[in-house]
Amino acid sequence: PAEWSQLQCRSPGQSGASKVEAGPPPQPEGSAGAMPVIETAALLESARGVGEYNHENFLSDKKQRLTAEYKKMDMRLEQAALWRDDIRYLVSLTETKMGNYLLVNALFAAATV
């Protein structure tokens, strides 16, 4: 690591530099390679746990989003059907009104002839 690099120390009256080496802390005998293996194993275990974290909630949210999308589509289809019904009603109302006008005009025409 960078903090274990060589350090240069100067005292106020010195023009030259004396080198002081800083190294890793001493380890007990027989455990020279054990520490990185333990750290790596712990890191892998935590990485595996990250992938499983909140997975069940994610799947539940996914189902709820899909259900909401289907519900929106159904509501849009129902709304379009209501619009079509409104147009049918307005057209039939106009046809009925025009038929009534035609009948009244025919009676006026028959009365004047």
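Treat the numbers as computed from the prediction; the structure is a model and nothing was measured.

## A closer look at the overall build of the protein
In terms of helices and strands, the protein carries two helices and two strands. Each helix and strand of the protein, placed in order from N terminus to C terminus, yields the pattern β-β-α-α. A burial count over the protein gives 0% of its 113 residues as buried.

## What about the pattern of salt bridges?
The final tally for this structure, using the stated rule, is two salt bridges. Two residues, D85 and R88, come together in a salt bridge whose shortest N-O distance is 2.9 Å. In this pair, D85 and R88 both sit in helix α2 (residues 55-112), three residues apart, roughly one turn of the helix. Note on D85: relative accessible area 40%, which makes it partly exposed.

## Here we look at a nonpolar patch on the surface
A surface patch of nonpolar side chains, amounting to about 320 Å² of accessible area, comprises L66, Y70 and M73. One can find L66 in helix α2. L66 gets classed as partly exposed once you look at its relative accessible area, which sits at 45%.

## A word on the confidence of the model for the protein
Detail in the predicted coordinates should be disregarded across regions flagged by low pLDDT. Counting all residues, the mean pLDDT for the protein is 78, and 65% of those residues have values of 70 or more. Considering each helix and strand of the protein separately, the mean pLDDT is smallest for strand β1 (residues 6-9), with a value of 50, and largest for α2, with 94.

Thresholds, definitions, all that
- Residues numbered from 1 in each chain as written.
- Predicted model: local features only at pLDDT ≥ 70, side-chain atom pairs only at ≥ 80, totals over all residues.
- Heavy atoms only, no water.
- Helix = DSSP H or I, 4+ residues; strand = E, 2+ residues; numbered from the N terminus.
- Buried < 20%, exposed > 50% of the residue type's maximum accessible area, 1.4 Å probe, protein only.
- Salt bridge = Lys/Arg side-chain N within 4 Å of Asp/Glu carboxyl O.
- Patch = residues over 30% accessible without salt bridge, like charges linked within 9 Å, V, L, I, M, F, W, Y side chains within 5 Å.
- Areas by Shrake-Rupley, 256 points an atom, 1.4 Å probe, with all protein chains shown as cover.
- pLDDT = per-residue confidence, 0-100.

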